[in-house]
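Structural description and commentary
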Amino acid sequence: MEISQEKILAHLDKKIFRLISEAADEMGVACYLIGGYVRDFFLYRPSNDIDVVAVGQGIELAKAVGEKLGKRSRISVFKNFGTAQIKYKEYEIEFVGARKESYRLDSRKPIVEDGTLEDDQKRRDFTINAMAFCLNGERYGELLDPFHGLQDLEDLIIRTPLDPDITFSDDPLRMMRAVRFASQLGFDIYPDTFDAIRRNRDRIGILSMERVTDELNKIILSPKPSVGFILLERTGLLDIIFPELTALKGAETKDGIGHKDNFYHTLMVLDNITRQTDNLWLRWSALLHDIAKPATKRWDPRLGWTFHNHNYIGEKMVPKIFRRMKLPQNEKMKYVQKLVSLHMRPMQLVEEEVTDSAVRRLLFDAGDDIDDLMTLCEADITSKNPEKVRRFLNNFKIVRRKLQEIEEKDKVRNFQPPVDGNEIMEIFGLPQCREIGLLKSAIKEAILEGEIPNEREAAFQFMLKKAEEMSLTPLKRE
Ligand code: CTP
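Presented here is a report on the structure given in the accompanying data block. (Residues numbered from 1 in each chain as written. Predicted model: local features only at pLDDT ≥ 70, side-chain atom pairs only at ≥ 80, totals over all residues. Heavy atoms only, no water.)

Right, let's talk about the overall build of the protein chain for a bit. When helices and strands are tallied, the protein chain shows 25 helices and 13 strands. Relative to the compact-globule value of 23 Å for 478 residues, the protein chain shows a C-alpha radius of gyration of 30 Å, a clear excess of over 25%. On the principal axes, the C-alpha backbone points of the protein chain span a range of 95 × 70 × 40 Å. Out of the 478 residues in the protein chain, the part that is buried amounts to 51%. At a minimum sequence separation of 6, the contacts of the protein chain that also span at least 24 residues come to 67%. Per element, the accessible surface of the protein chain, about 23700 Å² overall, is 49% carbon and sulfur. (Helix = DSSP H or I, 4+ residues; strand = E, 2+ residues; numbered from the N terminus. Rg over C-alpha atoms; globule rule 2.2 N^0.38 Å. Buried < 20%, exposed > 50% of the residue type's maximum accessible area, 1.4 Å probe, protein only. Contact = heavy atoms within 4.5 Å. Areas by Shrake-Rupley, 256 points an atom, 1.4 Å probe, with all protein chains shown as cover.)

Structure below.
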């Protein structure tokens, strides 16, 4: 990798690094920048998370640096873990003493024996995360890379510094991290590291679901999430953490009629949507849009393979998956449910002749999520036939135009009934009852069907007519 020593020194010529260096030299402590910050420097990825390892006395070094920074910094000490954190400007700096045993901030194990820098480096997860820059006097900016992380960065390889069975048994989350880095950076997992993940995959079960899901979300947010999901599948991790997804695998054929492999289709949809949005929940909707296909798959001798109602069954599966994955049980989940349930609607409009009332109904059902729904639906076009794709995309343009026209005219996206329930109750002197409900929904239906415009006077007259048909008489007004 072509990065000169001058470039490294220029990068390290920051006040914060100079102060750490000064404090370490005064204390006679060897100290290094290490981990993700060093990796990201070589990848030209700016980062404000800085890890510093001191050979002995990590906390004391942090305190000395804190004093030098004065009031502008805030220090927190985690004595049990032997770490300290300083927040200064946009930086978060983590100090730790070099360890002989595995480096894990959230480990519940007591602090382990002090070690040398190399002891510390070899207990880290991957070679690319084990590189260090010295921060002391003469050696300022020297790269310490005993496991050839720089070479692996160049070769785009994720590999453990030690025997991978040891690295993964130190912390099984590293199996997820390997896949996540491969997906984020577009790297390959080195064969012996990959084999060890397969061998140790069951140990993923001892982790808290929150930590696993955190990594899964990072995979979903990566530039090409299919890379991560295919690795999760091949290592056997996916079957353990997300069996609903592996159930999508496979394409069955009967009487010469096949259906597509819904696992790879789903990953294509996810990759497609990733090019359009960074919204994690919209990406989750893409991942789950066909999740109920295995549960609803039937063979019909007349129709071939069918997946009736997979959108509604899928909507119902979402809460269970979210609960198990410790994902939020709030409006974000409801949003994913809504998109899963509606994901075929815009496509149906494309296939049928687009009537105004069908467009109004879609606008009414999707509300403010209509644009996201259209994005999902467009990402769902994965046909290999370019002519078919072209036709769909073209028709999609027509649907989008139609959506815009109708919304401008009828304003049904955030439908507010032009005559509301309270008013109807007052007019007929009735409490909340079945008749009021019927009148309300008749008004809504008439507007969506285009029988009347979405306007007060028309809705009022329509309501009086409907009421008469139902033999309801308005109270006499003075
Ligand atoms: N580390 C490790 N094993 C873990 C977690 C972290 O060895 N399970 C080490 C790695 O050296 C890593 C460093 O701790 O580089 C910092 O960890 P963290 O901040 O979680 O990750 P980063 O590598 O900085 O990457 P990101 O910020 O993308 O998570």
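Once that is clear, we can look at the site of the ligand. Inspection of the region around the ligand gives 14 residues, with Arg39, Asp125, Asp171, Arg174 and Arg180 positioned closest. Asparagine 129 is positioned such that a nitrogen or oxygen atom in its backbone is 3.0 Å from an oxygen atom of the ligand. Look at the ligand: alone it shows 560 Å² of surface, and the protein chains cover 78% of it. Taken together, the elements giving at least two residues each to the shell around the ligand come down to α3 (36-42) and α8 (173-185). If you tally residues by element for the shell around the ligand, the top one is α8, at four residues. Taken together, the residues of the shell around the ligand break down into two nonpolar, three polar and nine charged. (Near = heavy atom within 4 Å. Polar contact = N/O pair within 3.5 Å; in protein donor to acceptor, adjacent residues only side chain to side chain. Nonpolar A, V, L, I, M, F, W, Y, C, P; charged D, E, K, R; others polar.)

A few words on the nonpolar core. Looking at soluble globular proteins, one finds that nonpolar side chains tend to be buried together. Within the largest apolar cluster, 134 residues are counted, with the highest numbers of intra-cluster contacts made by Ile20, Phe229, Phe242 and Trp284. The dominant element in this core, judged by the number of residues it contributes, is α8, at eight residues. With residues up to four places along the chain from it excluded, the contact list for phenylalanine 242 reads Leu216, Trp284, Leu287, Leu288, Ile321, Arg324 and Met325. (Core = buried A, V, L, I, M, F, W, Y, C linked by side-chain atoms within 4.5 Å.)

Glancing now at the side chain of threonine 246. In this fold, threonine 246 is placed in helix α13 (residues 243-246). If near-sequence neighbours (up to four positions away) are discounted, threonine 246 is found in contact with Glu233, Leu238 and Asp239.

This part takes up the pairing of strand β1 (residues 31-34). Because side chains alternate across β1, one face comprises the buried residues Cys31 and Leu33, and the other comprises Tyr32 and Ile34, equally buried. As judged from the four bridges shared by β1 and strand β2 (residues 49-54), these two strands associate in the antiparallel manner. Paired with isoleucine 34 across the strands is aspartate 51, a residue of β2. (Pairing = 2+ DSSP bridges.)

Closest axis-to-axis distance for the helix α10 (residues 209-220)/helix α11 (residues 225-235) pair is 7 Å, and the angle between their directions is 135°. The angle between α10 and α11 falls in the class oblique. Contacts between α10 and α11 involve Leu216, Ile219 and Ile220 from the former and Pro225, Gly228, Phe229 and Leu232 from the latter. Across the contact of α10 with α11, the residue classes break down as six nonpolar, one polar and no charged. (Axes fitted to C-alpha atoms, helices over the stretch in contact; angles between N-to-C directions. Parallel < 35°, antiparallel > 145°, perpendicular 65-115°, else oblique.)

This brings us to helix α17 (residues 310-324). Residues separated by three or four positions in an α-helix point in the same direction, a consequence of the helix having 3.6 residues per turn. Taking 1.5 Å per residue as the helical rise, α17 with its 15 residues ought to reach 21 Å, and the 21 Å between its terminal C-alpha atoms agrees with that figure. Remark: the principal bend of α17, roughly 30°, maps to methionine 317, with a proline, proline 319, within the next four residues. When we look at burial in α17, the residues that qualify are His310, Asn311, Gly314, Val318, Pro319, Ile321 and Phe322. Structurally, α17 contributes buried residues whose contacts are with α13, α15 (280-288), α16 (293-296) and α18 (331-342). Looking at the residues trailing α17, positive phi occurs at lysine 326, about 55°. (Expected span 1.5 Å × (residues − 1). Bend = angle between axes of the 7 residues up to and from the residue.)

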